[in-house]
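Summary of structural features
Read off the chains here:
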Amino acid sequence: MIPFAELLDRLAYTPARNAKLKLLAGYFAATPDPDRGWALAALTDGLPFSFPVRRTLMELVEPRIDAELYRLSRDYVGDTAETVALLWPEPPSAADRPPPPRLGDIVAELGLIDRNSLGIRLASWLDALDSNGRWALLKLLTGAPRVGVSARLAKTALAEWASSRGSGATIDDIEEVWHGLSAPFLPLFDWLSGKSPRPDIAGAPVFRPMMLSHPLEAQDLAALDVGQFAVEWKWDGIRVQIANGRGATRLYSRTGEDIGQAFPDIVEGWNAQGVFDGELLVVRGGEVAPFADLQKRLNRKTVTARMLVDFPAHIRLYDALMIGHDDLRQLSFDERRTRLDAWHAAAPPPRTDISPLLPLNEKEALQATWSATRGNAIEGLMLKRRTSPYLAGRPRGHWFKWKRAALTADCVLMYAQRGSGKRSSYHSDFTFGAWMKREGNDELVPVGKAYFGFTDAELVELDRWVRNNTLERFGPVRRVAPGLVLEVAFDAIQRSPRHKSGIAMRFPRVHRVRWDKPPAEADRLETLERLIEG
Amino acid sequence: MQPFETWLYPTPEGLYCEPGRFFIDPSRPVDRAIITHGHSDHARAGHDQVMATRETLAVMRLRMGAAGAGKSPHTIELGQPLTIGDVRVTLHPAGHILGSAQVLIEYKGARAVVTGDYKRRRDPTASPFELVRCDLLVTEATFALPVFRHEPDTREIGRLLASLAAFPERAHLLGAYSLGKAQRLIVLLREAGWDRTIYLHGAMVGMCDLYRSLGIELGALEPVADTKRESLAGEIVLAPPSALADRWSRRIPDPVTAFASGWMRVKARARQRGVELPLVISDHVDWPELISTIEDTGAEEIWVTHGREEALVRAATLMGRRARALALLGRENEAEDEAE
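All values reported here derive from a predicted model rather than from experimental measurement.

All names here are of chain B. Where burial is concerned, most of helix H3 (residues 181-191) is hidden: 10 out of the 11 residues are buried. The set of residues buried in H3 consists of Lys 181, Ala 182, Gln 183, Arg 184, Leu 185, Ile 186, Val 187, Leu 188, Leu 189 and Arg 190. Note on H3: the residue one or two positions beyond its end, Gly 193, has a positive phi of about 100 degrees.

All names here are of chain B. Annotation of chain B at the domain level lists domain 1 (4-147 + 284-325) and domain 2 (153-279). Domain 1 and domain 2 are separated by 29 Å when their C-alpha centres are compared. Opposite the 18 residues of domain 1 that make contact, domain 2 presents 18 residues. A buried area of about 1,600 Å², summed over both sides, lies between domain 1 and domain 2, and 72% of it is on carbon and sulfur atoms. Its salt-bridge partner being Glu 191, residue Arg 122 comes within 2.6 Å of it at the nearest N-O pair. Counting across the interface, domain 1 meets domain 2 through 4 residue pairs in polar contact (both at pLDDT 80 or more). In terms of residue class, the side of domain 1 that touches domain 2 is made up of 8 nonpolar, 5 polar and 5 charged.

A separate point is unusual backbone geometry. Following Asp33(A), the chain continues into Pro34(A) via a peptide bond in cis, with omega recorded as -5 degrees. By the element assignment, Pro34(A) lies in the loop between helix H2 (17-30) and helix H3 (35-43). Along the chain, Ala183(A) connects to Pro184(A) via a cis peptide bond; the corresponding omega equals 5 degrees. Checked against the element boundaries, Pro184(A) lands in the loop between helix H11 (171-178) and helix H12 (186-192). Although it is not a glycine, Arg21(B) sits at a positive phi angle of roughly 50 degrees. The residue Arg21(B) is located in the loop between strand E2 (15-17) and strand E3 (22-24) in this model.

By convention, interface size is frequently given as the accessible area that disappears when the constituent parts associate. Counting from both sides, the interface comprises 40 residues of chain B and, opposite them, 37 residues of chain A. Here chain B and chain A share 9 salt bridges between them. When the shortest N-O distance is used, the salt bridge between Arg250(B) and Asp463(A) registers 2.6 Å. For the pair chain B and chain A, the number of links is 14 residue pairs in polar contact (both at pLDDT 80 or more).

Looking now at the packing of aromatic side chains. How two aromatic rings sit relative to each other is given by the distance of their centres and the angle of their planes. Scanning all chains against the criterion turns up 23 aromatic pairs over all chains. A centroid spacing of 6.4 Å and a plane angle of 55 degrees characterise the contact between Phe4(A) and Tyr27(A), whose relative ring orientation is tilted. With a gap of 23 residues between them, Phe4(A) in helix H1 (residues 2-13) and Tyr27(A) in helix H2 connect regions that are remote in the sequence. For the pair shown, Phe4(A) and Tyr27(A) are each scored as buried. Between the aromatic rings of Phe143(B) and Trp263(B), the centroid separation amounts to 4.5 Å while the plane-to-plane angle is 50 degrees, which identifies the pairing as tilted. Of this pair, Phe143(B) sits in the loop between strand E11 (136-141) and helix H2 (153-166) while Trp263(B) sits in the loop between strand E16 (256-260) and helix H5 (267-272), and the two are 120 residues apart along the sequence. Note on Phe143(B): relative accessible area 0%, which makes it buried. Through a chain of ring-to-ring contacts, three or more aromatic side chains come together here, namely Phe4(A), Tyr27(A), Phe28(A), Trp161(A) and Phe189(A). Over the face of the ring belonging to Phe291(A) we find Arg506(A), whose NZ or CZ atom lies 4.4 Å from the ring centre. The ring of Tyr426(A) has Arg250(B) sitting right over it, with the charged end atom 3.6 Å from the ring centre.

What counts and how
- Residues numbered from 1 in each chain as written.
- Chains lettered and ligands numbered in written order.
- Predicted model: local features only at pLDDT ≥ 70, side-chain atom pairs only at ≥ 80, totals over all residues.
- Heavy atoms only, no water.
- Buried < 20%, exposed > 50% of the residue type's maximum accessible area, 1.4 Å probe, protein only.
- Helix = DSSP H or I, 4+ residues; strand = E, 2+ residues; numbered from the N terminus.
- Domains from an automatic or database assignment.
- Contact = heavy atoms within 4.5 Å.
- Buried area = accessible area lost by both parts, 1.4 Å probe.
- Salt bridge = Lys/Arg side-chain N within 4 Å of Asp/Glu carboxyl O.
- Polar contact = N/O pair within 3.5 Å; in protein donor to acceptor, adjacent residues only side chain to side chain.
- Nonpolar A, V, L, I, M, F, W, Y, C, P; charged D, E, K, R; others polar.
- Phe/Tyr/Trp six-rings, centres within 6.5 Å; stacked < 30°, edge-to-face > 60°.
- Lys NZ or Arg CZ within 6 Å of the ring centre and 35° of its normal.

Rendered as C-alpha cells:
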C-alpha cells in the first residue's frame, strides 16, 4: 500500500505528461504482482467495489477526537477522507506501528468483507499506515483516486515499461486485449514481461483501437485528389465502437471506455456478431437531435425509462472492423463499405442506419458542399481514402476531418488565470466578455474562456499586459481593466442557463489578439445571441 | 496571585508589559520593544529602544538598514536575567530560527513565558528550544489543528534527493522563506550528503552571508543570476515562495517545483501553489508538540496568539487549563506561507 500511496501522491502533484509516465513506469517495474495489477485497475476502470465509508469513518473518528476539533479540522482541510487521514492518531514511535498491509491483501479482503465489520478492519489498516497511506486507502475505498491520470495514460506507461523489458507490445496491442482481461491483470503482466504468450481474446467483445483522422489543413486541400476519397457528413455525436462476441455486446467510447450501461436501448437490442464503428446520436423521428440532447445520456451509470423515451439513442454506422469472425481491417475502405452495406441491408440491427457516402468527385463541388455545412446545421465533412486499410491510431494521409469554418467574435479580456506546469508563471487562461446594457450602462458579461490559439511569443505579451493592467487579484486569478480585445474563434453558440450571459461557446480559442481595437467596439451580447442554432 | 491581565495585556501596538514598560514584538513603533526573532511580522522598524539577542539585532540591521535595530539597540544574552522596570526578564532559546528567543517575565512571584515562534525539534541553525516552567504560557498557534503533524525533516530531505535522482535532467526549484528556512534546508542537505553547489535567488544571498558570518557553515553557494541555464539541470535552486510562480522562475528551464512548509501537509494548499514536490518542513511546533508544551511547562493559564486560536483554546480547555485567544494586530493578516 505504501508504494501505491507514494505513486498517487506524486501523480497528484505532477502536471507534465512525461513525468507522469515516468512515475507510472517506475512503479510497474518496482512493484510485484498482484499489487501492480490492482493499482492499474484503480487508475483505469476502478476497483470492483466501492464502499459508502463516510458514516463508518465518522463512527471511527468519534471516540478518537473531540467533535469540535474534528469540525475545525474538516473546515480547514475541506475533504473528509484527507482530514481523517491527517489527524488519525499515530503510534508513539514508528517502531510501534504494525507492518503496513499490501495493496493486494487489502483488495482481497475487501472483496469478501461483510459491511458490518468494515469499520474494525479499516481501523486496523489505518493504524498500520502513515498519513499518506491512510489518504490513499480512503480514496481507494470511496472510488477512483483523482490524480490526473487517464486510463489511456496508464496504459501508455504500461507500454513504455513493457518496451523497457524488451517487449514489442504497443499501446494498441494492450488496448486490444484490455477488455478481455480483468484485475489484477496477471496474464497481461506475464505477457508484457515475456513470461507467457499474448492472452487469448479470440471472439471476445474487446475494444479495438480506432482509426482517427487529422484536420484538413490548407496544404492538404491543395494537394487533394478528390476522386481518391470517399466523402461523408461529419456527425455531431460521439464516436463509438460496438462489439459483439461470445454472447456479449459492449459499447465503447473513442478511448475504449465501456459506456454500454448508459445505453441499454442500443446494447440490449444488438444481435450481430462483429465490431462496428459509428456515431452515437440521439435521433427522434429520423431527425438528429442537438448534441445537448445526447449529453443528457452521457456519463450516467443508470438511465431512466423516461430518458429512453425522451432521448432515444441511435448509431449511424460508417465502418466495420469485423463481421462475424472475419477481420476486415486489412481490406480497403471501399471493400469494407461494400461488406458493411450488404450486411446491414440483410439484417439491420434496431436503432441503426448507415452514414451515406456523398457523390462528390470534383473539388469545386466538395468545396461548395463544405461551404454550405453551417447553413445546413452540419458539423463538416469527413474524407476517407478509398484504398486505406483500417489502421489503429492517427496515421497521416488517410482520414481527414474538415470542420465547418469557425465563427468569430471580438470580445474583451476580463480575467486571466495562471496556467499550470510549464505555464505556471504565465497568465494563460483567459476569460472574456461581451457588452450588454444594464440599467442604462454598458457592462461586460463573461461569455467564454480560452487557453490556446495564441503563439508562445503572443503569450509573453499577453502575460505582460495582464500584469500591467491588473485591477484585483484572487489567488491565481487576476481581474484586468477592460482594455484588450481578443478575436475569439468558436464552433457554435448554445443556450446555457448556467451562465450569467445565458450562452455558452463551443470550442472557443483565441484567434487573434486585437492590440489595435478599442474595447468599446467589441461585440455585444445580442450579436452573439443571434448565432444560437435551432 | 494578581491576575495576569492587570500587568500583561494586548494593546493596539502589541503585547504590553506594564511594570516593565515594554512591548513584545510590537507591530507599530514604540519606546521600548523586546523582539523575539527577526521575521518581518515580529521585528518591525522604527522603535527607540530594541532589546533582543545579538543575532536578532544583526538580522534586523540587514533587513531594515543600519537603523533597523532601533535608535538604541540592546543585546540580551540568552539565560542572563535582566531587570527592566519592576520585572525580571530572561530570554531562552525558542529553536525557531537563528537568534530566536522566548521571553520569560517574572513579576511578584508569577512567571509568564511569551514563546514568540518556536519549534521543539532539532535545527542545526538554531539553539534548541529550552523548556521554561511557568504559570502563564503565551503561545503561538500557527499550526494549531490536529491535522498538522510535521514529518521528520530527514524523511522530507530524502524525498527531495530521491526526486533529484529520478529527474536528473531537471533543476529542482525549492521555495523556502529567506530567513531561517532557507539556511536550515541548506545545512540539512549538507548533512544528507549533498555537497554540490546550491544556487540562490538574489534575495537570499545577503541572509546566507549573515548566517555564515554568525558561524553557520553553509558550503558552496552561487547566485543563480551568474549561472548558465543549461548547467542547472539536476541542481537545487533556492528561492523565496513568492518567486516560484513569478516571472523570475522562467529562467529555470522545466524545473521540479518544490516548497518546504508546514502548510504542505494539506494537499489542497500544495496544489493551490502549483507545487510538484511539497515538503512538510516547518520552523513551528506541530499539534502534538503544542499539546505537550502546554503540559510540560506546567502553565495553568494559556493565551493563544496568531494562528488557529480557536482549536488550541478548545484543546487547552479540555486539558483543564484556563485558556483564551489573544488577538494581536499585525499578525492575523500575514499571508500564511510567508509567515513561516
